[in-house]
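The residues making up each chain are set out below.
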Amino acid sequence: SGLSAQIIGSGEGALLLLEIDPTLMEPVLLGMPRKGISARDALEDRNLAAVIGSGFVSELNSLEPVGLLQADGQTLSPVQVHGYTRILGINDAGMGVVHRRAYQRNLFHSALQAGPGIIEQGELDISERELRRPAYFRSFVAVCEGRWLAGVSLAPTHLHTLGKTLLAHFRERNWRCDDVVNLAGDRQAVLVLASGDGVQMHHGDPDTYKVSLLGFRPIPD
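Being a predicted model, the structure only gives us computed values, none of them experimental.

Engineer: What is the right way to look at the overall build of the protein chain in this model?
Structural biologist: Of the regular secondary structure elements, the protein chain holds 2 helices and 19 strands. A compact globule built from 221 residues would reach a C-alpha radius of gyration of about 17 Å, and the protein chain, at 16 Å, matches this within 12%. A principal-axis box enclosing the C-alpha atoms of the protein chain has dimensions of 40 × 40 × 35 Å. Evaluated residue by residue, the protein chain yields a buried proportion of 54% over its 221 residues. Taking all contacts inside the protein chain whose residues are at least 6 apart in sequence as the whole, residues at least 24 apart take part in 69%. On the protein chain, roughly 10300 Å² of surface is accessible, and the fraction owed to carbon and sulfur atoms is 46%. Charge centroids of the protein chain, computed over 20 positive and 25 negative side chains, lie 7 Å from each other.

Engineer: What's the story with empty space enclosed by the protein in this structure? I'm lost.
Structural biologist: The gaps left among the atoms become clear once a water-sized probe is rolled over them. Taken as a whole, this structure holds 1 cavity of 30 Å³ or more when the rule is applied. Volume-wise, the largest cavity comes out at about 30 Å³.

Engineer: So what exactly am I meant to see when it comes to the layout of surface pockets here?
Structural biologist: Roughly 350 Å³ of internal volume is contained in the largest pocket. Around the largest pocket, the lining is made up of 18 residues, and of these Pro116, Glu130, Arg133, Arg138 and Leu159 lie nearest the centre. Counted by class, the lining of the largest pocket contains 9 nonpolar, 4 polar and 5 charged residues. Considered as a void within the structure, the second largest pocket measures approximately 200 Å³ in volume. Taken together, 14 residues line the second largest pocket, and the ones lying closest to its centre are Val28, Leu29, Leu30, Arg46 and Asp72. Of all the elements, strand β3 (residues 25-31) adds the most residues to the lining of the second largest pocket, at 6 residues.

Engineer: So what exactly am I meant to see when it comes to the sheet that holds strand β1 (residues 3-8) here?
Structural biologist: Within a sheet, adjacent strands bond to each other through the backbone by hydrogen bonds, running parallel or antiparallel. The antiparallel open sheet is built from 7 strands, whose spatial order is β1-β2-β14-β13-β15-β11-β12. The strands lining the two open edges of the sheet, one partner per strand, are β1 and β12 (123-124). Two elements, strand β13 (residues 139-144) and strand β14 (residues 147-153), share 6 bridges in a ladder whose sense is antiparallel. Among the inter-strand pairings, Val143 is bridged to a residue of β14, identified as Trp148. Where helix α2 (residues 159-173) meets the sheet, it contacts β1, β2 (15-20), β11 (117-120), β12, β13, β14 and β15 (177-182), and its direction lies at approximately 30° from that of β11.

Calculation criteria
Residues numbered from 1 in each chain as written. Predicted model: local features only at pLDDT ≥ 70, side-chain atom pairs only at ≥ 80, totals over all residues. Heavy atoms only, no water. Helix = DSSP H or I, 4+ residues; strand = E, 2+ residues; numbered from the N terminus. Rg over C-alpha atoms; globule rule 2.2 N^0.38 Å. Buried < 20%, exposed > 50% of the residue type's maximum accessible area, 1.4 Å probe, protein only. Contact = heavy atoms within 4.5 Å. Areas by Shrake-Rupley, 256 points an atom, 1.4 Å probe, with all protein chains shown as cover. Lys, Arg positive; Asp, Glu negative; His and termini not counted. Charge placed at Lys NZ, Arg CZ, Asp CG, Glu CD. 1 Å grid on protein atoms, 1.4 Å probe; cavity = no way out; pocket = protein on both sides within 12 Å on 5 of 7 lines; lining within 4 Å. Points joined across faces, edges and corners; volume = space filled by probe spheres on them. Nonpolar A, V, L, I, M, F, W, Y, C, P; charged D, E, K, R; others polar. Pairing = 2+ DSSP bridges. Axes fitted to C-alpha atoms, helices over the stretch in contact; angles between N-to-C directions.

Here's what the structure looks like:
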């Protein structure tokens, strides 16, 4: 099917992890500033197999995007030069991550400003100081050699803990994953999988409206 789900880690480090085959699935970025879209509606309207979100917003329950939001060539919100350092983008080659400073308009047809980079160049990029901050539910996307990953934490966690859990998993499987990017967490974190008749499995609320969502759908024959 091009998509498989599993639970890895335990306790604060427990993650619901989706492995996505880029030869069978394609990424789709949905940007809906001010209007919003729910994960359930996205699944049903766009023939998606899975949805993860969300992009960052200016405040809780807001639908105003923070930083770059570009969908199908249209810039809905400009790059913010402070704060989130990673750009998660989609082009004809698939999905990629660049630093905010390296972003150019023609690199991607759809893109989302996110961050921080939990793993950059295959190494943990979150200091232990982050463990002093509050723990939240987290959502994230990883770009690996031969696969993409999308996931959420099953308990409030720290980015440092999440990164260590993922690195251990990557090493165990001999996966090369250069970039893992943090999406908006807390109540914004959502991951939903489709089944034949609607939502099969979800974490987070599939019916709350989000400013942006990343979906995956089967590549048409």
